[in-house]
Amino acid sequence: MASSGDGRNKNATDELDDRGRNTAVRILLVEDDESIAEPMIAGLRREGFAVDWVATGQDALDAERADFVLLDLGLPDLDGAEVARRLRARTTVPIIVVTARGEELDRVLLLEMGADDYVVKPFGLRELVARIRAVQRRVTAAGDDRSDPASTVVIGPLEVDTRTRRVHLGGDELDLTPKEFDLLALLAGDPGAVFSRERIMEAVWDEHWWGSTKTLDVHIAGLRKKLGRPDWITNIRGVGFRLDPTP
Ligand code: CA
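All chains use their own residue numbering, which begins from 1 and follows the written sequence. Local features are withheld for residues below a pLDDT of 70 in this predicted model, meaning they are given only at 70 or higher, and side-chain atom pairs are given and counted only at 80 or more; totals for whole chains, interfaces and linings count all residues.

Trainee: Lay out the sheet that holds strand β4 (residues 95–99) in plain terms, naming residues and giving numbers.
Mentor: Backbone-to-backbone hydrogen bonds pair the strands of a sheet. The strands run either parallel or antiparallel. Two strands pair under a simple rule: DSSP has to find at least two bridges between them. In this description a helix means any DSSP run of H or I spanning at least four residues, a strand means any run of E spanning at least two, and both kinds are numbered starting from the N terminus. Within the open sheet, the five strands sit side by side as β2-β1-β3-β4-β5. Their pairing is parallel. Two strands in the sheet have a free side with no partner beyond their single neighbour: β2 (50–54) and β5 (117–120). Recorded for the sheet is a direction-independent mean angle of 20 degrees between the axes of neighbouring strands. The pairing of strand β3 (residues 68–72) with β4 spans four bridges and is parallel. Lines fitted to C-alpha atoms define the axes here, with helix axes fitted over just the stretch in contact, and angles between the N-to-C directions of these axes take values from 0 to 180 degrees.

Below is the structure:
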């Protein structure tokens, strides 16, 4: 059941269930120092984790989706903190920072960059595994309450959270219908950009939409009314709409 993981950037041991699916927790190890990576990989595999290893920040960003990221801060290409921020901008994957820079470490900074915990080199495997399990428990317990910074778009006084599907304007929550929300979230995804009627219909109503777009005008009117600023949504005649909330 174990495939050989005998080199860099190679996939790890795959524990398969009786239907051939991989059941092991998949860890992405981002570490440029082979003498540190090798014993970590061996130890983590003994503990039943599947480990993918990359040695650069760019490879970490290009890597397949993992269940967990162990991230060295001192990487040869990108700063580890930057890698953490970019990962965090697009995923809620738990990140444990692995660092030799014990004294410089600022817990607030770590949290700001999106890390869930850290270990300082040198550390024992037992400590590392304990921290991985602790973060896993926290993340599992938090479930969907775990906030994803990438889910909120703030444009001027307007705040659109696609995770909770709530919209705030100047601090007050707006009461939108599901379609009004979808419409606003789409436009807010790229403020100032013109979305064609066809694109909006496909995204908000039905990908197989064909026919009248009158319902779109009705919803735009409703949305404008609730925003209280009709001029924020511009109708580009013959093309579509754009959202441009100017304070
Ligand atoms: Ca390093």
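Okay, back to it.
Trainee: An account of the nonpolar core is needed here, citing residue identities and associated values.
Mentor: Structurally, a nonpolar core is described as a collection of buried Ala, Val, Leu, Ile, Met, Phe, Trp, Tyr and Cys residues joined by way of C-beta atoms within 7 Å. Counting other C-beta atoms within 10 Å of its own, a residue is labelled buried from 20 upward, exposed at 12 or fewer, and partly exposed in the gap between, with every C-beta atom placed from the backbone. Judged by nonpolar contacts, the single largest core of 34 residues is most densely connected at Ile27, Leu29, Val30, Val69, Leu71, Ala84 and Val97. Of all the elements in the fold, those that place two or more residues in this core are β1 (26–30), α1 (34–46), β2, β3, α3 (80–90) and β4. Those residues in contact with Ile27 that lie beyond four places of it in its chain are Leu44, Phe49, Ala50, Val51, Ala66, Asp67, Phe68 and Leu70. In terms of nonpolar packing, the next biggest core, distinct from the first, is built from 19 residues, Leu187, Ile200, Met201 and Leu216 among them. A pair of residues counts as a contact when their C-beta atoms, built from backbone coordinates, are separated by no more than 7 Å.

Trainee: Which residues make up helix α7 (residues 197–205), and what are the values?
Mentor: The complete set of buried residues in α7 reads Ile200, Met201 and Val204. An end-on view of α7 places all buried positions within 100 degrees of arc, on one side of the element. Working definition: the arc comes from the directions between the helix axis and the C-beta atoms, pointing outward to the latter.

Trainee: So what's going on with the packing of helix α6 (residues 178–188) against helix α8 (residues 214–227)? Residues and values would help.
Mentor: Remark: α6 packs on α8, axes separated minimally by 10 Å, with the N-to-C direction vectors making an angle of 85 degrees. Taken as axis vectors, α6 and α8 run roughly perpendicular relative to one another. Between α6 and α8, the residues in contact are Lys179, Glu180, Leu183 and Leu184 and His219, Gly222 and Leu223, respectively. For classification, angles of less than 35 degrees are called roughly parallel, those exceeding 145 degrees roughly antiparallel, those between 65 and 115 degrees roughly perpendicular, and all remaining angles oblique.

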